[in-house]
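Results of the structural survey
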Amino acid sequence: MNQNLNKLLCIILIVYSCDFNNVNDPFINQNSSSIISGVDISDYPKVLSFNPTFYNINNNEVNFINSLIENGVNTVRLRLWVNPANESSSLEEVKEFSDELKSLGFKIWITPHFSDTWAHPGQQQIPSDWVSLNFQELKNQVYIYTSHIMNVLDPDYIQIGNEINTGILFPHGKISENQEQFLELVNEGVSAVRNSSTDTKIILHCAGFESSSWFFNIVNHVDYDIIGVSYYPWHHGKSLNDLQDQLSSLSSNFEKEILIAETSYPFTLGWNDWTNNNVGLEEHLILPEYPASPLGQKDFIRDVKNLILEVNNGIGFCYWGAERIAWAGENSTNGSSWENQAVFDFDNRELPVLEEFNLN
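Structural notes, computed from the coordinates. (Residues numbered from 1 in each chain as written. Predicted model: local features only at pLDDT ≥ 70, side-chain atom pairs only at ≥ 80, totals over all residues. Heavy atoms only, no water.)

**Let's talk about unusual backbone geometry**
The condition that has to hold: Helix and strand assignments come from DSSP, with helices taken as H or I runs of at least 4 residues and strands as E runs of at least 2, each series counted from the N terminus. Only protein chains enter the accessibility calculation, which uses a 1.4 Å probe. A residue is then buried if its area is under 20% of the maximum for its type, exposed if over 50%, and partly exposed in between.
With omega at 0°, the peptide bond leading from F170 into P171 counts as cis. The topology assignment puts P171 in the loop between β7 (167-168) and β8 (173-174). Going from L287 to P288, the amide bond is cis rather than trans, its omega being 5°. Of note, P288 is situated in the loop between β11 (257-263) and α10 (294-310). Positive phi is not limited to glycine here, since F114 has a value of about 50°. Mapped onto the elements, F114 comes out in the loop between β5 (107-112) and α5 (135-153). The class for F114 is buried, based on a relative accessible area of 2%. With a phi angle near 45°, E163 is a residue other than glycine that sits in the positive phi range.

Below is the structure:
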């Protein structure tokens, strides 16, 4: 009888142990789900209109979005322009695309440029429909527009502008000339988000890390959640150690979650169309560690991912231009300037870098 009792106790212990492990699994998954493994694929609707065929590493046809899912991407970042020259990055296009992505389980990260075109440190053009507004009217418009974005898109994350370390809505919100007005404009966007949602997280986005302490000191009293920093070696320096040190300093000094909002790396210095590429010289690379090769691209993203996750409050990264193959064909002079940094090669085949988006 004692022998049977011992067997029963062993069975109970085994079952209990299995149940305990199962209880822990959701906790592990929940932690993983809080990390952003993201791509910016804002041009995917344009790319798709050219009907490209994509392939996996075994040369079998694959759906581009399914490939992202299978490789662990959990967040998609989408650019938004106020009144673009065509439908690209319009609210209507972004709404349709983001709804599709949400239905597939992605978190949505919206990047309003508060412009009709590209906004970045060297260019923050006021939307054409807002040019005649005085400053008070412009503040009201920022609030109204941001509230509309929230109501239509209901994103998980939203930026107040794109790479705004020189300001927003020039000349009204240019930091070097109108720092207080810059803060007022940003605060209008923040208020619109907070009044629309208790769940959406607000990102303030700085290009590069060298002057990031200066910028985040300026916005220290703004009610935001996440520090976002762009990192491209050819623009922002080639030391990953310096990058990690600065991100750690930002996290410690401002007590915010922090992420790498944009990054990328070439898998070749070659071209696949006749459109001039942003990156095409060896001087743009970090050598010898990361050559312009499929493995070099993969290793760079692996190390960038690991360093941000080692930073206290580091919550992940976003790869910019993942979809930007030479969509218009090899003879295009107005196609992709980024096809050597996409996550599919010149034959539209999955690159090894995709493996680095898996957080498990």
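**Focus: the packing of aromatic side chains**
When we look at a pair of aromatic rings, we describe it by the centre distance and by the angle of the planes. Rules: Pairing of aromatic side chains requires ring centres within 6.5 Å, counting the rings of Phe and Tyr and the six-membered ring of Trp. Pairs whose planes differ by under 30 degrees are stacked, by over 60 edge-to-face, and all others tilted. Sitting over a ring, as applied to charges here, requires NZ of Lys or CZ of Arg to be within 6 Å of the ring centre and within 35 degrees of the ring normal.
Following the criterion strictly, the structure yields 26 aromatic pairs and no others. Relative to W320, the ring of W118 lies with its centre 6.1 Å away and its plane at 55°, an arrangement referred to as tilted. Residue W118 is found in the loop between β5 and α5, and its partner W320 is found in strand β12 (residues 314-320); the two are separated by 202 residues along the sequence. Accessibility expressed as a relative area gives 10% for W320, which makes it buried. Ring plane angle 70° and centroid distance 5.4 Å describe the contact between F267 and F346, whose orientation is recorded as edge-to-face. Here F346 lies in the segment after β12 and F267 lies in the loop between β11 and α10, a separation of 79 residues in the sequence. F267 sits in the buried class, given a relative accessible area of 6%. With relative accessibility at 25%, the residue F346 sits in the partly exposed group. Of the aromatic side chains, those joined through ring pairs into one cluster are W81, W118, F209, Y231, Y232, W234, Y265, Y290, F300, W320 and W338. Here the guanidinium or amino end of K174 rests over the ring plane of F170, the centre of that ring lying 5.3 Å away. Sitting over the face of the ring of Y224, K256 holds its NZ or CZ atom 4.4 Å from the ring centroid.

**Details of the side chain of N162**
We count it as follows: Any two residues whose heavy atoms approach within 4.5 Å at even a single point are treated as in contact.
Relative to the helices and strands, N162 is located in the loop between β6 (157-159) and β7. Relative accessible area serves as the criterion here: at 5%, N162 is assigned to the buried category. Each residue touching N162, except ones within four places of it in the same chain, is listed here: R77, T111, P112, H113, A119, H120, Q124, H205 and E262.

**Brief notes about the sheet that holds β6**
Rules: Two strands qualify as a pair provided DSSP detects at least 2 bridges between them. Axis definition: a line fit to C-alpha positions, over the contact stretch in the case of helices; interaxial angles, taken between N-to-C directions, run 0 to 180 degrees.
With respect to topology, eight strands assemble into a closed barrel ordered β1-β4-β5-β6-β9-β10-β11-β12, the strand pairing being parallel. With direction set aside, neighbouring strand axes in the sheet form an average angle of 25°. This element, helix α9 (residues 240-254), spans β10 (226-230) and β11 of the sheet and lies at about 140° to β11.

**Focus: helix α4 (residues 91-103)**
The line we're drawing: Expected helix span is computed as 1.5 Å times (number of residues minus one). Our arc is simply the arc of the directions from the helix axis toward the C-beta atoms.
End to end, α4 covers 18 Å across 13 residues, agreeing with the expected 18 Å (1.5 Å per residue, within 8%). Within α4, burial applies to L91, E93, V94, F97, S98 and L101. Here the buried residues of α4 occupy an arc of 150° about the axis, which is enough to place them on one side. Away from its buried face by more than 90 degrees, α4 exposes E92, E96 and S103. Contact partners of the buried residues in α4: α2 (44-48), α3 (64-70), β4 (75-80), β5 and α5. Among the residues trailing α4, G105 stands out with phi positive, at a value near 100°.

**Regarding the pattern of salt bridges**
What counts is decided by this rule: Should a side-chain nitrogen of Lys or Arg be within 4 Å of a carboxyl oxygen of Asp or Glu, the pair is scored as a salt bridge.
Counted according to the given criterion, the structure contains 17 salt bridges. Between R77 and D40 there is a salt bridge whose closest N-O contact spans 2.8 Å. Taken together, the positions of R77 in strand β4 and D40 in strand β1 (residues 36-40) put the pair 37 residues apart, joining distant regions of the chain. Each member of the pair R77 and D40 is classed as buried. Measuring nitrogen to oxygen at the nearest pair gives 2.8 Å for the salt bridge that ties K139 to E184. Of this pair, K139 sits in helix α5 while E184 sits in helix α6 (residues 175-196); the two residues are 45 residues apart in sequence, bridging distant segments of the chain. Residue E184 is classed as partly exposed on the basis of its relative accessible area of 31%. Taken together, the salt bridges that share partners define one network made up of D43, K46, R79 and R324.

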